[in-house]
Amino acid sequence: MSDSTVYKNVLKQLDNAAEVLNLDKQVKELLQEPMRTLTVSIPVKKDDGSIHVYKGFRCQHNDVLGPTKGGIRFHPQVCEDEVKALAAWMTFKCSLVGIPYGGAKGGVLVNPKELSRNELERLSRGFIQAISPIIGPDKDIPAPDVYTDAQVMSWFMDEFSKIKGVNTPGLVTGKPVVLGGSFGRHSATARGVMYTVREAAKAIDLNLNGATVAVQGYGNAGSFSAKFLSELGCKIVAANDSKGGVYCEDGIDAVKLAKHKKETSSVTDFDNCQELTNEELLTLDVDILVPAALENQITKDNADKIRARMIAEAANGPTTPEADEILFKKNIMIIPDILANAGGVTVSYFEWVQNLANYYWSKEEVDKKLEQIMVEAFEKVYNTHQELNVNMRVSAFIVAINRLTEAMEARGWVYHEDKC
Ligand code: NAD
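Residues numbered from 1 in each chain as written. Predicted model: local features only at pLDDT ≥ 70, side-chain atom pairs only at ≥ 80, totals over all residues. Heavy atoms only, no water.

A few words on the sheet that holds strand β8 (residues 244-247). Pairing in this open sheet of seven strands is mixed, and the strands run β9-β8-β7-β6-β10-β11-β12 from one edge to the other. Every interior strand has two partners, whereas the edge strands, β9 (274-276) and β12 (333-335), have only one. Between one strand axis and the next, the sheet turns by 20 degrees as a mean value, whatever way the strands run. Alignment of β8 against β9, held across three bridges, turns out to be antiparallel. For Val246, the partnering residue across the bridge sits in β9 and is Glu275. (Pairing = 2+ DSSP bridges. Helix = DSSP H or I, 4+ residues; strand = E, 2+ residues; numbered from the N terminus. Axes fitted to C-alpha atoms, helices over the stretch in contact; angles between N-to-C directions.)

In structure tokens, the structure reads:
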């Protein structure tokens, strides 16, 4: 769950990679703190006529590689520390997969489940008004995250276009296709998870046909991961969400479960399933665990009880640095978040390119390009992990930091006497 330690986790992950790399002090300093964080107050008229003021943030971590990019989360536990951490992970993620973006993230402290649709629209429009001075297609490009979706992106885009007086589809990604969204964006994060699981399974000699899977968090990233992993032959045996979890030894139909969640707003009470707690789900004896909810789920307190052979981090920051060490010793293959879930930002990049060019691609083209990027990124991370005998997270950070360092040197943000 989000708490004030999330940014410390990022710093520790950076430290771990910096130590192996003997990283230049100036580069490290530039990566340790975000460029800027804007805090905003958003007055929203409720349906009963009263005004409620919501607090929100937009953090831009580093833009050495290009305009910053990152989702916006509507969640009651959003805080500045969490937004900073999520923005930093975006910097490393975009660098790792080789797309020309820096990292950003935003969030509003709100429980959107308590708002009517009209209130949610006013909040979405109010948030974009508040952060409009620092965003734009060439500056910083928002996207969906926890409890925001294509509808919220449509309001963001519409509001920004009205403020600027120019139709600006490239302001956000994750829009519906009718407003310039990309085919394949909705499920891109999970498709990327599936490609990396497929490659990791080859690396550790895990047969995916019949491999068992538990999914924590059955939202966008989690439910589509379950669907795509089923298509590879895996057996989904457990899934949960904020209201509870379900288990079925014989396997769960991922698509039917998603439909059930849509209809009832939870995975609970699904046909032929037993209930299970969050802790039980995380420690199930399965081949693959897919955390797809929030940060700090696998910690030093439960890491030694994890029995999965592979963890594919669809969520950002689900594993703490202490837990990483324990899992590495247990020889569990972790596909770290900045690699596993990078399919989302990659197809967001494709969406933005299509918006700027005003020329649109087929779904087949999007999926093919995504697969190529994800497979290449996996290979780089896996080879570095093998060559340096470091865990997969350190290795992913090393690949990302090398590209960031090169860009900082080229721009003259860091100075090396020997290179003059
Ligand atoms: P979402 O809102 O679609 O789904 C989140 C799900 O998590 C919901 O089903 C919710 O009920 C569940 N959940 C919340 N608290 C939980 C808890 N304590 N235990 C179990 N389940 C819980 O959000 P999403 O977009 O799928 O994002 C999920 C994670 O994936 C986040 O970490 C997000 O940053 C990451 N991510 C998302 C994308 C994307 O494109 N959507 C891209 C990269 C990373």
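Continuing now.
Where interface size is given, it is often the accessible area lost as the parts come together that is meant. For the protein chain, the assigned domains are domain 1 (22-169) and domain 2 (188-340). Measuring from the centre of the C-alpha atoms in domain 1 to the corresponding centre in domain 2 gives 27 Å. With 13 residues of domain 1 in contact, the opposing surface of domain 2 contributes nine residues. At the boundary of domain 1 with domain 2, total buried surface from both sides reaches about 900 Å², with 58% on carbon and sulfur atoms. It is Trp89, Lys93 and Leu96 in domain 1 that bury the most area against domain 2; as a group they hold 47% of the surface buried on that side. Our enumeration of links across domain 1 and domain 2 arrives at one salt bridge. Two residues, Arg73 and Glu295, come together in a salt bridge whose shortest N-O distance is 2.7 Å. Counting the contacts that link domain 1 with domain 2 gives three residue pairs in polar contact (both at pLDDT 80 or more). Residue assignment for the side of domain 1 that touches domain 2 shows that the elements contributing at least two residues are β3 (68-75) and α3 (80-96). (Domains from an automatic or database assignment. Contact = heavy atoms within 4.5 Å. Buried area = accessible area lost by both parts, 1.4 Å probe. Salt bridge = Lys/Arg side-chain N within 4 Å of Asp/Glu carboxyl O. Polar contact = N/O pair within 3.5 Å; in protein donor to acceptor, adjacent residues only side chain to side chain.)

Let us now look at the packing of helix α1 (residues 6-21) against helix α14 (residues 392-411). Between α1 and α14, whose axes approach to 9 Å, the crossing angle comes to 70 degrees. Classified by the angle between their axes, α1 and α14 sit roughly perpendicular to one another. Contacts between α1 and α14 involve Gln13, Leu14, Asn16, Ala17, Val20 and Leu21 from the first element and Arg393, Val394, Phe397, Ile398, Ile401 and Asn402 from the second. Here the residues of the contact of α1 with α14 sort into eight nonpolar, three polar and one charged. (Parallel < 35°, antiparallel > 145°, perpendicular 65-115°, else oblique. Nonpolar A, V, L, I, M, F, W, Y, C, P; charged D, E, K, R; others polar.)

Moving on, we come to unusual backbone geometry. A positive phi angle is found at Ser265, which is not glycine, with a value near 65 degrees. With respect to the helices and strands, Ser265 occurs in the loop between α8 (254-264) and β9. You can call Ser265 partly exposed: its relative accessible area is 41%. (Buried < 20%, exposed > 50% of the residue type's maximum accessible area, 1.4 Å probe, protein only.)

Turning our eyes to something else, we now look at helix α7 (residues 220-231). Helix length check: α7, at 12 residues, gives a terminal C-alpha distance of 17 Å against a target of 16 Å (1.5 Å per residue), a fit within 8%. For α7, the set of buried residues is Ala221, Gly222, Ser223, Ser225, Ala226, Phe228 and Leu229. On the buried face of α7, the contacting elements are α6 (188-204), β6 (212-216), β7 (235-241), α8 and β10 (288-291). Once α7 ends, the next one or two residues include Gly233, with phi positive near 110 degrees. (Expected span 1.5 Å × (residues − 1).)

Next up on the list: the pattern of salt bridges. Pairing between side chains becomes possible if they bear opposite charge and their charged atoms approach one another. For the coordinates displayed, the defined rule picks out 27 salt bridges. The residue Asp301 makes a salt bridge to Lys300 at a minimum N-O spacing of 3.9 Å. Under the relative-accessibility criterion, Asp301 is labelled exposed at 56%. In this structure Lys300 comes out as exposed when scored by relative accessible area, which is 52%. The network of salt bridges with shared partners includes Arg73, Glu82, Lys105, Asp145 and Glu295.

Looking now at the packing of aromatic side chains. Applying the stated criterion across every chain, the model contains nine aromatic pairs. With a centroid separation of 5.7 Å and 85 degrees between ring planes, the pair formed by Tyr101 and Tyr349 is classed as edge-to-face. With a gap of 248 residues between them, Tyr101 in the loop between α3 and β4 (102-109) and Tyr349 in helix α12 (residues 343-357) connect regions that are remote in the sequence. Counting every residue linked through ring pairs, the aromatic cluster contains Tyr101, Tyr349, Phe350, Trp352 and Trp361. Directly above the aromatic system of Phe228 lies the positively charged group of Arg191, at a separation of 4.5 Å from the ring centroid. Positioned above the aromatic ring of Trp361 is the side chain of Lys369, whose terminal nitrogen or guanidinium carbon lies 4.6 Å from the ring centre. (Phe/Tyr/Trp six-rings, centres within 6.5 Å; stacked < 30°, edge-to-face > 60°. Lys NZ or Arg CZ within 6 Å of the ring centre and 35° of its normal.)

By the secondary structure assignment, Thr148 is in the loop between β5 (140-144) and α5 (150-164). Accessibility expressed as a relative area gives 9% for Thr148, which makes it buried. Along the sequence, Thr148 and His75 sit 73 residues apart, while their C-alpha atoms lie 9.2 Å from each other. Thr148 has contacts with Ile72, Arg73, Phe74, Ala143 and Met153, leaving out every residue within four places of it along the chain. In terms of polar contacts, Thr148 uses its side chain to reach the backbone carbonyl oxygen of Ile72, at 2.7 Å.

Neighbouring the ligand are 23 residues; Asp145, Thr189, Asn220, Ala221 and Asn316 lie closest to it. Contact between the ligand and Ser242: an oxygen atom at 3.1 Å from a main-chain N or O atom of the residue. When the ligand sits alone it has 820 Å² of accessible area, and the protein chains cover 90% of it. Those elements that provide at least two residues to the shell around the ligand are α7 and β7. (Near = heavy atom within 4 Å. Areas by Shrake-Rupley, 256 points an atom, 1.4 Å probe, with all protein chains shown as cover.)

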